[in-house]
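Coordinate inspection notes
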Amino acid sequence: MTGRKKQSVKAPRVWQRMLSGRRLDLAHPSPMDVEIEDIAHGLARVARWNGQTKGRNAFSVAEHSVIVEQICRELDPAMSAKHRLMALLHDSPEYVIGDMISPFKALLGEGYKDIEGRLQEAIHIRFGLPPVTPVRLKKSIKKADLICAWFEATQLAGFEEDEANRFFVVPPDGVRLRLTPKSATDAQEAFLARFHEIMTEIGTP
């Protein structure tokens, strides 16, 4: 025997402490550790396009999410409040894991999708939504997401329209936006306001 004590190997920390005081476990996220204020705060400080956008402020995921929900309403005025809440929360896991650009997601593969999916399920359950977004609704939200991305690409990220047409969805007639990136505080407040409006429609205080 050498007399040396074996060093214990500590398990890596896989939780993040939120400003609310919650500790969200990324490996096994609990709906009880999800707070809308943490989501709004985080998304308002996560930049779309890795921050490669024009303007004084970054274009945040919070602002993007509000606009995607707006586009969903314009495309389908009969969409239920719960479905519109899922649209508003479609990128909500990014308050923890950030906004990975699509090329990087492709490189990361299924591991990233698994983590993102578990977080999305916990968030949905926390707010009384089905754990998994129905396929048809997911397609509708994705269409709205790509329409919003088209406006972001052409107005903020330096894309020519022809190039944006190849990667995103050309906005249909009647859907027109003029994007002005908000400050983090304003984006956070807009996201929270829209969340509470929809929750009131659903009937949850």
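See the structure shown above.
Throughout what follows, the structure given in this document is the object of discussion. These figures come from a predicted structure and were not determined experimentally. (Residues numbered from 1 in each chain as written. Predicted model: local features only at pLDDT ≥ 70, side-chain atom pairs only at ≥ 80, totals over all residues. Heavy atoms only, no water.)

1. Here we look at the overall build of the protein chain
Of regular secondary structure, the protein chain possesses nine helices and two strands. Over its C-alpha atoms, taken along the principal directions, the protein chain stretches across nearly 80 × 40 × 35 Å. By sequence separation, contacts in the protein chain at least 24 residues apart represent 65% of the contacts at least 6 residues apart. Summing over all exposed atoms, the protein chain offers an accessible surface of approximately 12000 Å²; the carbon and sulfur share of this is 53%. Within the protein chain, the 27 negative side-chain charges are centred at a point lying 7 Å from the centre of the 29 positive side-chain charges. (Helix = DSSP H or I, 4+ residues; strand = E, 2+ residues; numbered from the N terminus. Contact = heavy atoms within 4.5 Å. Areas by Shrake-Rupley, 256 points an atom, 1.4 Å probe, with all protein chains shown as cover. Lys, Arg positive; Asp, Glu negative; His and termini not counted. Charge placed at Lys NZ, Arg CZ, Asp CG, Glu CD.)

2. Some points on the state of the cysteines
All told, the structure shown has zero disulfides when counted by the stated rule. As a non-bridged cysteine, C72 has C148 as the owner of its nearest cysteine sulfur, 10 Å distant. Residue C72 is classed as buried on the basis of its relative accessible area of 1%. When its relative accessible area of 0% is taken as the criterion, C148 is described as buried. (Disulfide = S-S within 2.5 Å. Buried < 20%, exposed > 50% of the residue type's maximum accessible area, 1.4 Å probe, protein only.)

3. Observations regarding the side chain of H64
By the element assignment, H64 lies in helix 2 (residues 61–75). Apart from residues no more than four positions distant in its own chain, H64 is found in contact with R48, F59, H90, D91, D145, C148 and E152.

4. Observations concerning the packing of helix 1 (residues 36–43) against helix 9 (residues 184–202)
Here helix 1 crosses helix 9 at 145°, and the two axes come no closer than 8 Å. Two packed elements cross with a definite hand, and for helix 1 against helix 9 that hand is right-handed. For the pair helix 1 and helix 9, the contacting residues are I36, E37, I39, A40, H41 and L43 in the first and Q188, F191, L192 and F195 in the second. Of the residues in the contact of helix 1 with helix 9, the class split is seven nonpolar, two polar and one charged. (Axes fitted to C-alpha atoms, helices over the stretch in contact; angles between N-to-C directions. Left-handed = near helix turned anticlockwise from the far one by under 90°. Nonpolar A, V, L, I, M, F, W, Y, C, P; charged D, E, K, R; others polar.)

5. So, the nonpolar core
Core analysis: the largest hydrophobic core is formed by 55 residues, its most contacted members being I39, L85, Y95, F127 and F191. Only helix 1, helix 2, helix 3 (81–88), helix 4 (94–97), helix 6 (110–126), helix 7 (135–155) and helix 9 provide two or more residues apiece to this core. Looking at this core element by element, the count peaks at nine residues for helix 7. (Core = buried A, V, L, I, M, F, W, Y, C linked by side-chain atoms within 4.5 Å.)

6. Quick notes on the pattern of salt bridges
For the structure on display, the rule yields 10 salt bridges. For E69, the salt bridge identified is with R84, shortest N-O distance 3.9 Å. Here E69 is found in helix 2, whereas its partner R84 is found in helix 3, with 15 residues between them in sequence. Grouping residues by exposure puts E69 and R84 together as buried. The residue E197 makes a salt bridge to R194 at a minimum N-O spacing of 2.6 Å. Of this pair, E197 and R194 both sit in helix 9, three residues apart, which is roughly one turn of that helix. Judged by its relative accessible area of 43%, E197 is partly exposed. (Salt bridge = Lys/Arg side-chain N within 4 Å of Asp/Glu carboxyl O.)

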